[in-house]
Amino acid sequence: MTEPTVSLPTTDAEWRVRLSPDEFRVLRLAGTEAPWSGEYVSTKTEGVYRCRACGEQLFTSDTKFDSHCGWPSFDDAIPGTVKEIEDRSHGMVRTEIRCARCDSHLGHVFRGERMTEKDTRHCVNSLSIKLDPKN
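Residues numbered from 1 in each chain as written. Predicted model: local features only at pLDDT ≥ 70, side-chain atom pairs only at ≥ 80, totals over all residues. Heavy atoms only, no water.

Named according to an unreviewed UniProt entry, the protein chain is peptide-methionine (R)-S-oxide reductase originating from Dactylosporangium salmoneum. Looking at the Catalytic activity (unreviewed entry) heading of the UniProt record, one finds this comment for the protein chain: "L-methionyl-[protein] + [thioredoxin]-disulfide + H2O = L-methionyl-(R)-S-oxide-[protein] + [thioredoxin]-dithiol". Here is the UniProt Cofactor (unreviewed entry) comment for the protein chain, exactly as written: "Zn(2+)". (UniProt positions renumbered as here; feature names shortened; annotations may be inferred.)

Caption draft 1: The arrangement of the overall build of the protein chain in detail. When helices and strands are tallied, the protein chain shows 2 helices and 9 strands. Written out in order from the N terminus, the α and β elements of the protein chain read α-α-β-β-β-β-β-β-β-β-β. Expected size for 135 residues packed as a compact globule is a radius of gyration near 14 Å; at 14 Å, the protein chain falls within 12% of this value. Dimensions along the principal axes, computed over C-alpha positions, put the protein chain at roughly 45 × 40 × 30 Å. When each of the 135 residues of the protein chain is scored for burial, the buried share is 47%. Element-wise, carbon and sulfur atoms account for 48% of the exposed surface of the protein chain, whose accessible area totals about 7,400 Å². In the protein chain, 19 positive and 22 negative side-chain charges are present, and the distance between their average locations comes to 2 Å. (Helix = DSSP H or I, 4+ residues; strand = E, 2+ residues; numbered from the N terminus. Rg over C-alpha atoms; globule rule 2.2 N^0.38 Å. Buried < 20%, exposed > 50% of the residue type's maximum accessible area, 1.4 Å probe, protein only. Areas by Shrake-Rupley, 256 points an atom, 1.4 Å probe, with all protein chains shown as cover. Lys, Arg positive; Asp, Glu negative; His and termini not counted. Charge placed at Lys NZ, Arg CZ, Asp CG, Glu CD.)

Caption draft 2: Spotlight on the layout of surface pockets. The volume enclosed by the largest pocket comes to roughly 250 Å³. Taken together, 19 residues line the largest pocket, and the ones lying closest to its centre are Thr 32, Arg 94, His 105, Gly 107 and His 108. Residue assignment for the lining of the largest pocket shows that the elements contributing at least two residues are strand S6 (94–99), strand S7 (105–111) and strand S8 (120–124). The dominant element in the lining of the largest pocket, judged by the number of residues it contributes, is S7, at 5 residues. (1 Å grid on protein atoms, 1.4 Å probe; cavity = no way out; pocket = protein on both sides within 12 Å on 5 of 7 lines; lining within 4 Å. Points joined across faces, edges and corners; volume = space filled by probe spheres on them.)

Caption draft 3: Examining the environment of Ser 67 more closely. Assignment of secondary structure puts Ser 67 in the loop between strand S3 (64–65) and strand S4 (73–74). With 60 residues separating them in the primary sequence, Ser 67 and Ser 7 have C-alpha atoms 34 Å apart. When sequence neighbours within four positions are dropped, the list of residues in contact with Ser 67 reads Ser 73, Met 115 and Arg 121. Separated by 2.6 Å, the side chains of Ser 67 and Ser 73 make a polar contact. (Contact = heavy atoms within 4.5 Å. Polar contact = N/O pair within 3.5 Å; in protein donor to acceptor, adjacent residues only side chain to side chain.)

Caption draft 4: The arrangement of the sheet that holds S6 in detail. The strand order across the open sheet formed by 6 strands is S3-S4-S8-S7-S6-S5, and the pairing between neighbours is antiparallel. Each edge of the open sheet carries a strand with a single partner, namely S3 and strand S5 (82–87). Summarising the sheet, S5 and S6 pair through 6 bridges and their orientation is antiparallel. Along S6, the bridge assignment pairs Ile 85 with Glu 96. (Pairing = 2+ DSSP bridges.)

Caption draft 5: Up close: the sheet that holds strand S1 (residues 47–51). Across the sheet, which stays open at both edges, the 3 strands sit in the order S2-S1-S9 with antiparallel pairing between neighbours. Taken across any chain shown, the strands that pair with only one partner, and hence form the sheet edges, are strand S2 (57–60) and strand S9 (129–133). Mean inter-strand twist for the sheet, computed between neighbouring axes without regard to direction, equals 30 degrees. Alignment of S1 against S9, held across 5 bridges, turns out to be antiparallel. (Axes fitted to C-alpha atoms, helices over the stretch in contact; angles between N-to-C directions.)

Caption draft 6: Representation of the pairing of S6 within the structure. Within S6, 5 of the 6 residues are buried, which leaves the element mostly enclosed by the surrounding structure. Taking the residues between adjacent antiparallel strands as the criterion, S5 and S6 are bridged by 6 residues, where His 90 takes a positive phi near 60 degrees. When S6 meets S7, the two strands line up antiparallel, connected through 4 bridges. By the bridge assignment for S7, Arg 98 is matched with His 105.

The following block contains the structure:
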């Protein structure tokens, strides 16, 4: 799933060289891009969405759906690629999702909204992912 020759940065300074300031804020500092501002909110292109920080395959386009929340949404992740962490920031309890390979912030996962058969919405920042088109 990963690109084996890609080594991961180990310090914030190294990550800052690899990522743009906005990518660093979202991926490494658990920031959020503004709703409806991301490049993948409405994308229908077939392919695989990879972690923008390390290249790990995270989501496939067949799991992407229109949630009308302002961020790309997926009802499933590729098994073993996304880890979940309790997030008590902003006065609420949510479940943060991070790349299992490089520990970069992706967004949050929500369950019980009844938007898909899987009843799960991975709400992901476009700045956290990069689409690898099918062809």
